Each structure stands twice: as structure tokens, then as C-alpha cells.
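So you can see what is in the structure, the chains are spelled out below.
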Amino acid sequence: MEENWSAMQQKAVKWIQEAGELLRASLEESLIIETKSNPNDLVTEMDFKIERLLTKKIMEEYPGHRILGEEEAGADIMDTDDIIWIIDPIDGTTNFVHQQFNFAVSLAVFENGIGKVGIVYDVMADEWFTALEGRGAYRNDVKLPKLKPGELKESIVGINARWIKNEKIPYARQMRNIVDESRSTRAYGSAAIELCYVACGRLDSYVNLWLAPWDFAGAEVLLREVGADISTIDNQRPSMLEKGPYLAGRPGLQEKVRGMLNS
């Protein structure tokens, strides 16, 4: 039976609205904060609470679907067959903890590796980025135009300063060259939001050496709908199962960025 992707998106938006309300309310309380892979990799009880909420909703409505989440769900998923929901309950947890701004709930639905539904909700800005495969991408209710080609010298690049300050990090020199040639750079602390900013033209290019599928999945559906160039450094499709480099931006511009990274 063919899936009703539009109905699926509408249900997911309602669930994410509920999640957003819980997140905003939680900012008035004392959070339990822990670390994961390193002292800067934060997780709160709300990360788990939101992922469990969305997982419960999905399983009740679509019991035959699989779920891949940042915190708990889908650790045993080894392929992209059938329908997979990909969840990042709080993308930008450090912002959530320290700034109480610039964090998002990201959700995507992929079928056999192809993005069908993408949603990124910037909770504090109350800004929705949504997309359905073949039906365009939207910021709130405004359809986003296709991206036009760009030149690096006229572009704002999303890049984290941590990638360029340490000579031990691969591509540090090449990324400094990209920074030098660009008009300016930005780092907002949420990959999902930054990738949506590429989709809507607030950023022209985005470079990250280490993204997980849940970081980019929701935004990737939007990016493909607006014609963004998406790749790894070696111009492959980013993995939907493993962490790795992720580049996205205007067509033409990304060819330049990839070339500089490989120089």
C-alpha cells in the first residue's frame, strides 16, 4: 500500500508542536545535564524525554516502521531498507542548556534511503522548515525558491571555528583557505538549523567534518527540494547510517568548496 506522506507529515508536525511546548516549559526548571563522548557533548533528560515521546507516537501510529534516534532508538539498524523515521530530539543541546535559543527538533522519514518527509522546528523562534519529496520546501507557509549558483567570494559559509584552529584536525588548512576566500562565516551551534539556513538562503554553504544522520536528515529533504549540492568531501552521498563529513550549498559554489578541501 502506498504511504500518504502528506498525512504523515501533518501528524508529525502535531507531535513536534507538543515536543516544542515541553521544551519551552522545561527552560523554567532545573535541567539534569550529563556528558556523552566528551565534556562538550551534552545531553539532558529532555533529550531522552522528547525522543521517547516521538518514538511512542510513531510506534502507536505506524507500528511497522523503524526508528533511528540520537539517544536510544535504532541502535540495531544496519540498513536503510523500508521506512525509517530519523529523530534528533534536541539539535543544539549546548545552545538549549546555555543560551536557551537556537535549538531545534529534527525529524525525517526515509523510504529505502530516499527522504520523503523533512521537518526542522526552531523551537524558540517558532520557525518551521518542512518538505515533502517532489512538493517543495517551506519556511513556515512560504515556499522556498530553487537555489541559484553562487561564488565563494560573495558567500557566507557555515563553519565551526573548532575545525580550523587545530592543525591536528584533517582539512584544517583547507578550511582556513575557504574562510579567507569567503565573504564571511557563521556558526549557530545547530547543524539542522544551519542546513535549513542553506535551504532558505541565509547561508550559502555549509561544511562539517562529523555529522550523524539525525543531525542532517530532516534538513536534507528540504535541501534536495531546493536543488542544493549535497555531498561528502570526496563527492559521495553522505551515509544515512554512520557519522562523517557533510557539505551542502548552492550549486557551483560547492564544487569550488570541494575542490579547495581536496587541494
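Use the structure listed above.
Cut-offs applied
- Residues numbered from 1 in each chain as written.
- Predicted model: local features only at pLDDT ≥ 70, side-chain atom pairs only at ≥ 80, totals over all residues.
- Heavy atoms only, no water.
- Phe/Tyr/Trp six-rings, centres within 6.5 Å; stacked < 30°, edge-to-face > 60°.
- Helix = DSSP H or I, 4+ residues; strand = E, 2+ residues; numbered from the N terminus.
- Buried < 20%, exposed > 50% of the residue type's maximum accessible area, 1.4 Å probe, protein only.
- Disulfide = S-S within 2.5 Å.
- Expected span 1.5 Å × (residues − 1).
- Arc of directions from axis to C-beta.

Draft legend 1. Geometry of the packing of aromatic side chains. Within this structure, the stated rule accounts for seven aromatic pairs. Pairing Trp 15 with Trp 85 gives two aromatic rings, centres 6.0 Å apart and planes at 35°, and the pair type is tilted. Taken together, the residues span a long stretch of sequence, with Trp 15 in helix H1 (residues 5-26) and Trp 85 in strand S4 (residues 83-91) at a distance of 70 residues. Of the residues examined, Trp 15 reaches a relative accessible area of 9% and is grouped as buried. You can call Trp 85 buried: its relative accessible area is 0%. Here the aromatic cluster, defined as three or more aromatic residues joined through ring pairs, consists of Trp 15, Tyr 62 and Trp 85.

Draft legend 2. Expanded view of the state of the cysteines. Applying the stated criterion across every chain, the model contains zero disulfides. In this structure Cys 196 is not part of a disulfide, and its nearest cysteine sulfur, from Cys 200, lies 7.5 Å away. For Cys 196, a relative accessible area of 0% gives the class buried. Assessed through its relative accessible area of 22%, Cys 200 is described here as partly exposed.

Draft legend 3. Fine view of unusual backbone geometry. Its identity as a non-glycine residue notwithstanding, Asp 126 has a phi of 50°, on the positive side. Positionally, Asp 126 belongs in the loop between strand S6 (114-122) and strand S7 (127-132). One non-glycine residue, Asn 140, lies in positive phi territory at about 55°. Here Asn 140 shows up in the loop between strand S8 (137-139) and strand S9 (142-143). Here Asn 140 falls in the partly exposed class, since its relative accessible area comes to 32%.

Draft legend 4. Expanded view of helix H2 (residues 45-61). End to end, H2 covers 25 Å across 17 residues, agreeing with the expected 24 Å (1.5 Å per residue, within 8%). Here H2 has its buried residues at Met 46, Asp 47, Ile 50, Glu 51, Leu 53, Leu 54 and Ile 58. Axial view of H2: buried residues confined to an arc of 155°, hence all on one face.

Remember that the coordinates give geometry; whether it matters functionally is a separate question.
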